[in-house]
Amino acid sequence: MKRRLLATACLILAGLCVACVIGWARSYVSAEAISASRRIQRYLIISNDGCVALSYGRFEFETPDSEQLWRGGIDHSSNVDRWSFAILHELNQIPSPDKQFLGFGAQRWEYAMTRRGTISGVTLTRSLVQFPFWFATILTGAWPAAWLWKLSRVRRTRAQRGLCRKCGFDLADVYYSCPRCGQRIPLPAFDLVAATPASPLPHRGKGDAGVAATAPHS
Ligand SMILES: [Zn+2]
């Protein structure tokens, strides 16, 4: 059970690693984001220029009146109490930390402006953590890679010791497929040179057999 859970976690990480590599390549083509928002808060995963950023933004209201004023401008046909998700392409205003090191950075901003302009007593705060895609790729790919390497080593060792590669059952040079798990035993490497029968070349006379095959006709 534990082994299955670990394998599932490893598979999920491997999938994330593949997603990181694809996201990494896409980040140089277009700035994109996945957005999840509800009421006054919004989460973003932003991909841009080789980096990925996690952003959290929320509105702060000084007084209930300022909140009321802000809510007055919301489209009332949409249900703000429900989570809404969106994929955004071609972003042109991408928040980026002022100070960065190798693509790593973090920052917090406070804006008096909202998308509808300035509303008295309303502030938008945004926190952002940024890291490079190569870091995310290593982070997600290290464990699956180590797992694969270990698995291949175990299978190779079992095969060398005459055990089933899959479950370790002792085949004792008797079975062609494992009686416990059904895994077939790989055929031994086929030695082409050793297996070629002696060439029945016609006898060409003493000393000229090799020469006749390679020398051009004059
Ligand atoms: Zn087996």
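All values reported here derive from a predicted model rather than from experimental measurement. For every chain, the first residue of the written sequence is number 1, and numbering continues from 1 onward in sequence order. Predicted model: local features are reported for residues with pLDDT of at least 70 only, side-chain atom pairs are reported and counted for 80 or more only, and whole-chain, interface and lining totals are derived from all residues.

Q: Honestly, the overall build of the chain in this entry has me stumped. Any pointers?
A: Secondary structure counts use DSSP, requiring at least four H or I residues in a row for a helix and at least two E residues in a row for a strand, with both numbered from the N terminus. Across its full length, the chain carries five helices and eight strands. Its helices and strands taken in sequence order, the chain reads α-β-β-β-α-β-β-β-β-β-α-α-α from the N to the C terminus. The exposure label follows from counting other C-beta atoms within 10 Å of a residue's C-beta, where the C-beta atoms are placed from the backbone and the thresholds are 20 or more for buried and 12 or fewer for exposed, leaving partly exposed in between. A burial count over the chain gives 7% of its 218 residues as buried. Here the analysis covers contacts within the chain between residues at least 6 apart in sequence; of these, 54% occur between residues at least 24 apart. We call two residues in contact whenever the C-beta atoms placed from their backbones are within 7 Å.

Q: Quick question: what am I supposed to make of the sheet that holds strand S3 (residues 51-61) here?
A: Adjacent strands of a sheet form backbone hydrogen bonds with each other and so pair up, either parallel or antiparallel. Strands are labelled as partners when DSSP assigns at least two bridges between them. One open sheet accounts for six strands, arranged S4-S1-S2-S3-S8-S5; its pairing is antiparallel. Strand pairing shows two members of the sheet lacking a second neighbour, strand S4 (84-88) and strand S5 (105-111), which therefore form its edges. Across the sheet, the axes of successive neighbouring strands diverge by a mean angle of 15°, strand direction being ignored. To get an axis, fit a line to the C-alpha atoms, keeping to the stretch in contact for a helix; angles then go from 0 to 180 degrees between the N-to-C directions. Seen against the sheet, helix H2 (residues 64-72) touches S3 and strand S8 (122-132) and runs at an angle of roughly 120° to S3. Sitting on the sheet, helix H3 (residues 133-160) is in contact with S3 and S8, with an inclination near 65° to S8.

Q: Looking at this structure, how should I read unusual backbone geometry?
A: In most cases, non-glycine residues show a negative phi, while peptide bonds are predominantly trans. Despite not being glycine, Arg39 shows a phi value in the positive range, around 50°. With respect to the helices and strands, Arg39 occurs in the loop between strand S1 (32-38) and strand S2 (41-48). Classification of Arg39 by C-beta neighbours within 10 Å gives partly exposed; the count is 13. One non-glycine residue with positive phi stands out, namely Ala172, at about 50°. Counting through the fold element by element, Ala172 comes out in the loop between H3 and helix H4 (192-195). The exposure class of Ala172 is exposed, given the 8 C-beta atoms found within 10 Å.

Q: Sorry if this is basic, but what is going on with the environment of Ser120 here?
A: Secondary-structure assignment places Ser120 in the loop between strand S7 (117-118) and S8. Owing to 11 C-beta atoms within 10 Å, Ser120 belongs among the exposed residues under this scheme. Separated by 54 residues in the primary sequence, Ser120 and Ser66 have C-alpha atoms spaced 6.5 Å apart.

Q: Can you walk me through the environment of Glu67 in this structure?
A: Tracing the chain through its elements places Glu67 in helix H2. Using a count of 17 C-beta atoms within 10 Å as the deciding quantity, one classes Glu67 as partly exposed. For the pair formed by Glu67 and Ser120, sequence separation is 53 residues and the distance between their alpha carbons is 9.6 Å.

Q: Please explain the confidence of the model for the chain as it appears in this structure.
A: Close reading of the predicted structure is inappropriate where its pLDDT is low. A score between 0 and 100, pLDDT records how confident the predictor is in each residue. Per-residue confidence for the chain gives a mean pLDDT of 84; residues scoring 70 or more make up 84%. Confidence, read as mean pLDDT per element, is least for helix H5 (residues 209-214) in the chain (42) and greatest for S2 (94).

Q: Would you mind showing me how to read the nonpolar core here?
A: Soluble, globular proteins show a tendency: their nonpolar side chains are buried together. If you look at the biggest cluster of nonpolar residues, it comprises eight residues: Cys17, Cys20, Leu44, Ile46, Cys51, Val52, Ala53 and Phe133. Broken down by secondary-structure element, the contributors of at least two residues to this core are helix H1 (2-27), S2 and S3. Take this core: its biggest share by element is three residues, from S3. Excluding residues that lie within four positions of it along the chain, Val52 makes contacts with Gly23, Ile45, Ile46, Ser47, Phe131, Phe133 and Ala136. Defined on buried residues, the nonpolar core groups Ala, Val, Leu, Ile, Met, Phe, Trp, Tyr and Cys residues joined through C-beta atoms within 7 Å.

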